[in-house]
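Next come the chains, spelled out residue by residue.
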Amino acid sequence: MKAAAQKFGKFLSGMVMPNIGSFIAWGFITALFIEAGWLPNAQLASIQSPILTYLLPILIASQGGKMVGGDRGRVMGAIAIMGCIVGAPDTPMLMGAMAIGPLAGFVIKKFDEAMDGHMPAGFEMLINNFSVGIFGMLMAILGYYVIGPVMSAILAVLSAGVEALVNMSLLPLAAIFIEPAKVLFLNNAINQGVFTPIGITQAAEAGKSIMYMLEPNPGPGLGVLLAYMIFSKDKMTKDSAPGAIIIHFLGGIHEIYFPYILMNPMVIVAPIAGNICAILFYIITGCGLVGAPSPGSIIAFMAMSPRSQMLFTMLGVIIATGVSFVIASPIIKMSGAKSLEDAQGKMASMKAESKGVATAAITSGVKKAASEVKKVVFACDAGMGSSAMGATKFRNRVKGARPDLTVINTSVDNIPADCDIAVVQATLVERAMKSAPGAQMVTIGNFLADPALDALYAQLTTTEVKAAAPQSPAPAQETKKPANKVLIREGIRLNQKPVTKEEAIQAAGELMCELGYVGPAYVDAMQEREKLVTTYMGMGIAIPHGTTQAKGTVKKTGIVCFQYPEGVPFGDEKANLVFGIAGIGDEHLDLLAKICEALEDEEILEKMKTTSDADWILKQLS
């Protein structure tokens, strides 16, 4: 249940967070120009209503459609939400957008899958354009008659429930759920799915909403950090707290204080009590914010406060901080010196779990004895890049102890029937189990440096297995083409400035197009592949490539290399080397094997991440 809630929260957050700037713009326009604002201006205030009514729902719905159905899903979501907006004109359709956007993307995705390989030549543009138009129209009609009114009714019920809690003075008890949810990474499901839509509705009617103040108040976490800074017996924890305070209070990154609670779970009582007192104070003083403060920094929190209530807003933060500090202090003083490092590791594991990524040896199926295992298959979506490198590295690692073991790679939908153990990423487990129902499943977060691979190695190298004669090399080891023909000097770009993951993938794809390896459609497929499951391999390396369906757009095998000394964020990790890959058959595997060889030498790997000598890199991979 927790995993499902975390996944749901992550999905909701994925629709809202890319558009948070528009929420901030709407909040500032509201705070500044409405009649009770800082700079009342009726003309400029008139911008506020169209943003709330049209812009925000359209942005959220189009993002939701894109997350499910790509660029065509984005257009579908934007069309469909218009039906909801017009069908329920008195209700801001934030919740409607979160429902109909992904649904519209799903519809067009299923249509595209059904048409794959069946589209008459020369009719592609006609069918693609008309399908979005027709299905978009039908989804807009569905939104007008069904989804819009239903979401309006649901929001009315939720708003009435909140009003009842306020009238009965029970709203402060929401903190009992909010604070533990934050530490368990369930806050997105609560905040983005419930509080923000209700807050927007209330703010549209009353000009402010207390719902915006329930989760992002920085006071409860600040009290905990101050208590650790003063009373902790562990030097590392004590020394780290001041820096964490700055990041939390000014930067708005609340995650920084979660490990301090995880290292001593009793401390959770402190932020709960602090938030209860703050919410009660805000109810008594009639406080509310005009927009969602994001991130939860004191700067954003105060910026969204009405001018007449800024003092009370700040007092609520101070109350939360003081209560949290007073309760946390004796708990921390009476506790022994506990390791912040261990708590941070635990938090990383929980955060990975909330994103659907395993960080330990999670297995499905019957765990097999080492003597029973003859074939291990590394599987990814396309069977071209991630799994190939993973298989090569693991094969090199295990061959000394298990020369009889066959280690290969393939696509997740083509795992052979004689597979004993399948190694896959978390989001592909279900597909792998359908492909190889009798195999033991080992779930990993990345293919190069995952604890699950260490556990698998230990499982396969027990002393009960006698060394056997080496088998012929697995197909993935055969040299199909000289590596230096796959990676050329023009395909190496060094000392690149930091960019987003999407920009790094786009750059790699465009260079492969420029060098004649792929067609333009392959670049879009690389972005879609990354949405399915990360191509980050571990050890600072990512190898973005297209989906299985995009193999037809590959003109010839080629690899490009982009070096980012400062790193490109791939989720919680950073890639310094981004290898764009397009392969026909197994022609690219020789170079992947060379990359794996480089990984075995830490000095070479680190130099590859920072060198300015492209010829040196080419030599290492030739």
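Residues numbered from 1 in each chain as written. Predicted model: local features only at pLDDT ≥ 70, side-chain atom pairs only at ≥ 80, totals over all residues. Heavy atoms only, no water.

### A few points about unusual backbone geometry
1) Next: A positive phi angle is found at Asn 495, which is not glycine, with a value near 55°.
2) Next: Here Asn 495 is to be found in the loop between strand S6 (492-493) and helix H20 (501-514). (Helix = DSSP H or I, 4+ residues; strand = E, 2+ residues; numbered from the N terminus.)

### Digging into the pattern of salt bridges
1) Next: By the definition in use, this model includes 8 salt bridges.
2) Next: Measuring nitrogen to oxygen at the nearest pair gives 2.9 Å for the salt bridge that ties Arg 72 to Asp 112. Of this pair, Arg 72 sits in helix H4 (residues 48-87) while Asp 112 sits in helix H5 (residues 94-115), and the two are 40 residues apart along the sequence.
3) Next: What makes Asp 112 partly exposed here is its relative accessible area of 26%.
4) Next: We note a salt bridge from Asp 404 to Lys 374, for which the minimum N-O separation is 3.7 Å. Taken as a pair, Asp 404 in the loop between helix H16 (386-398) and strand S3 (406-411) and Lys 374 in the loop between strand S1 (362-364) and strand S2 (375-380) lie far apart in primary sequence, 30 residues in all.
5) Next: What makes Asp 404 buried here is its relative accessible area of 8%. (Salt bridge = Lys/Arg side-chain N within 4 Å of Asp/Glu carboxyl O. Buried < 20%, exposed > 50% of the residue type's maximum accessible area, 1.4 Å probe, protein only.)

### Let's talk about the environment of Gly 580
1) Next: As for its placement among the helices and strands, Gly 580 is situated in strand S10 (residues 573-582).
2) Next: On a C-alpha basis, the gap between Gly 580 and Val 560 in space is 5.1 Å, while along the polypeptide they are 20 residues apart.

### A look at the nonpolar core
1) Next: By size, the foremost hydrophobic cluster in this structure holds 87 residues, and its most contacted members are Phe 23, Trp 26, Ile 60, Ile 81, Val 267 and Tyr 282.
2) Next: When residues of this core are assigned to their parent elements, the largest contribution, 10 residues, is made by H4.
3) Next: Not counting the four nearest positions on each side in its chain, Ile 81 is found in contact with Pro 57, Ile 58, Ala 61, Met 93, Gly 96, Ala 97 and Ile 100.
4) Next: Among the nonpolar cores identified, the runner-up in size contains 42 residues, and Val 407, Ile 421, Ile 559 and Leu 621 belong to it. (Core = buried A, V, L, I, M, F, W, Y, C linked by side-chain atoms within 4.5 Å. Contact = heavy atoms within 4.5 Å.)

### Section: the packing of aromatic side chains
1) Next: Enumeration according to the criterion identifies 9 aromatic pairs in this entry.
2) Next: Among the aromatic residues, ring-to-ring pairing joins Phe 281, Tyr 282 and Phe 312 into one connected group.
3) Next: Stacked on the ring of Phe 231, the Lys or Arg Lys 333 has its end atom at 4.8 Å from the ring centre. (Phe/Tyr/Trp six-rings, centres within 6.5 Å; stacked < 30°, edge-to-face > 60°. Lys NZ or Arg CZ within 6 Å of the ring centre and 35° of its normal.)

### Examining the sheet that holds S10
1) Next: Strand order in the open sheet formed by 5 strands is S6-S9-S10-S8-S7, with mixed pairing between adjacent strands. Across the chains shown, the open sheet's two edge strands, defined by having one partner strand only, are S6 and strand S7 (536-538).
2) Next: Across 2 bridges, the pairing between S6 and strand S9 (residues 558-570) is parallel. When the sheet's bridge partners are listed, Ile 492 is paired in S9 with Cys 561.
3) Next: The sheet strands contacting helix H23 (residues 602-610) are strand S8 (541-542), S9 and S10, and the helix crosses S10 at an angle near 85°. (Pairing = 2+ DSSP bridges. Axes fitted to C-alpha atoms, helices over the stretch in contact; angles between N-to-C directions.)

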